[in-house]
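Letter by letter, the chains look like this.
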Amino acid sequence: MNAQHAPTTLSADQQRVQIPMANNIPTELRDEHRWVVARLEDRDGKPTKVPYRSGDPRRRADTTDPSTWSDFDTAWRLVESGRFPMLGLVLGNGFVGVD
């Protein structure tokens, strides 16, 4: 990716999303080691959700590489602290969702 098309992070106002209450997330999902954090980044003029590693939030997560995912508590702490605006569960292996 060249510098001209490098993604930029959107402002906090642009990223404002409703953060769920942890106790509203089913225990069966919280027990899974499939969690990431995310933020919106501008790619070609469009906001895109970009996943980051909860265990190393300076690095992007790979939705096809379980070694870049974490437990719920690690990801939740980053969202709750305000460091990331979004919490994500990596889908697959029987997990599906609608966005």
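In this text, all values refer to a predicted model and were calculated from it rather than measured experimentally.

## Some points on the environment of G88
Along the chain, the position of G88 falls in strand 4 (residues 86-89). Since its relative accessible area comes to 17%, G88 is described here as buried. A C-alpha to C-alpha distance of 8.3 Å links G88 and R34, two positions 54 residues apart in sequence. Among residues more than four places away in sequence, those in contact with G88 are R34, W35 and V36.

## Considering the pairing of strand 2 (residues 35-43)
Most of strand 2 sits inside the fold, with seven of its nine residues counted as buried. Relative to strand 4, strand 2 is paired through two bridges, and the arrangement is antiparallel. Its bridge partner being in strand 4, V36 is matched across the sheet by G88. As paired elements, strand 2 and strand 3 (residues 46-52) share seven bridges and run antiparallel to each other. Bridged to D42 within strand 3 is P47. Counting the residues that bridge the hairpin from strand 2 to strand 3 gives two residues, and of these D44 lies at a positive phi of roughly 55°.

## Overview of helix 3 (residues 72-80)
Helical geometry note: an α-helix holds 3.6 residues per turn, so side chains three or four residues apart project in the same direction. For helix 3, the set of buried residues is F72, T74, A75, W76, L78 and V79. Contact partners of the buried residues in helix 3: helix 2 (27-30), strand 2 and strand 4. Where helix 3 begins, the side chain of D71 points an oxygen toward the backbone nitrogen of D73, at a separation of 3.2 Å. Following helix 3 by one or two positions, G82 adopts a phi angle in the positive range, close to 90°.

## Overview of the nonpolar core
Core analysis: the biggest nonpolar cluster contains eleven residues, these being I25, W35, V37, V50, Y52, F72, A75, W76, L78, V79 and F84. Examining the composition of this core, we find that five residues originate from one element, helix 3, more than from any other.

## Details of the packing of aromatic side chains
The final tally for this structure, using the stated rule, is three aromatic pairs. Plain terms: the ring middles of Y52 and F84 are 5.6 Å apart, the flat faces sit at 45° to each other, and that makes the pair tilted. With a gap of 32 residues between them, Y52 in strand 3 and F84 in the loop between helix 3 and strand 4 connect regions that are remote in the sequence. The exposure class assigned to F84 is buried, which follows from its relative accessible area of 3%. On the numbers, 5.7 Å between centres and 15° between planes, the contact of F72 with W76 is stacked. Here W76 and F72 lie together in helix 3, a separation of four residues that amounts to about one turn. Each member of the aromatic cluster is reached from another via a ring pair, and the members are W35, F72 and W76. Between R39 and the ring centre of Y52, over which it is positioned, the NZ or CZ distance is 4.9 Å.

What counts and how
- All residue numbers refer to position in the chain's written sequence, counted from 1.
- Totals for whole chains, interfaces and linings use all residues, but because this is a predicted model, local features are given only for residues with pLDDT of at least 70 and pairs of side-chain atoms are given and counted only at 80 or more.
- For side-chain calculations, the full set of non-hydrogen atoms in the structure is used, while hydrogens and water are omitted.
- In this description a helix means any DSSP run of H or I spanning at least four residues, a strand means any run of E spanning at least two, and both kinds are numbered starting from the N terminus.
- The buried label applies to any residue whose accessible area, calculated with a 1.4 Å probe on protein chains only, is under 20% of its type's maximum; exposed applies above 50%, and partly exposed to all values in between.
- Contact between two residues is taken to exist if any of their heavy atoms lie within 4.5 Å; hydrogens are not considered.
- In this scheme, strands are said to pair when DSSP sees at least two bridges between them.
- Here a polar contact is recorded for every N or O atom pair within 3.5 Å, except that within protein the pair must consist of a potential hydrogen donor and a potential acceptor, and residues adjacent in sequence are included only if both atoms are side-chain atoms.
- In these notes, a set of buried Ala, Val, Leu, Ile, Met, Phe, Trp, Tyr and Cys residues joined through side-chain atoms within 4.5 Å is what counts as a nonpolar core.
- Centre distance within 6.5 Å is the pairing criterion for rings of Phe, Tyr and Trp, where only the six-membered ring of Trp is used; planes under 30 degrees apart are then read as stacked, over 60 as edge-to-face, and the remainder as tilted.
- Two thresholds decide whether a charge sits over a ring: the Lys NZ or Arg CZ must be within 6 Å of the ring centre and within 35 degrees of the ring normal.

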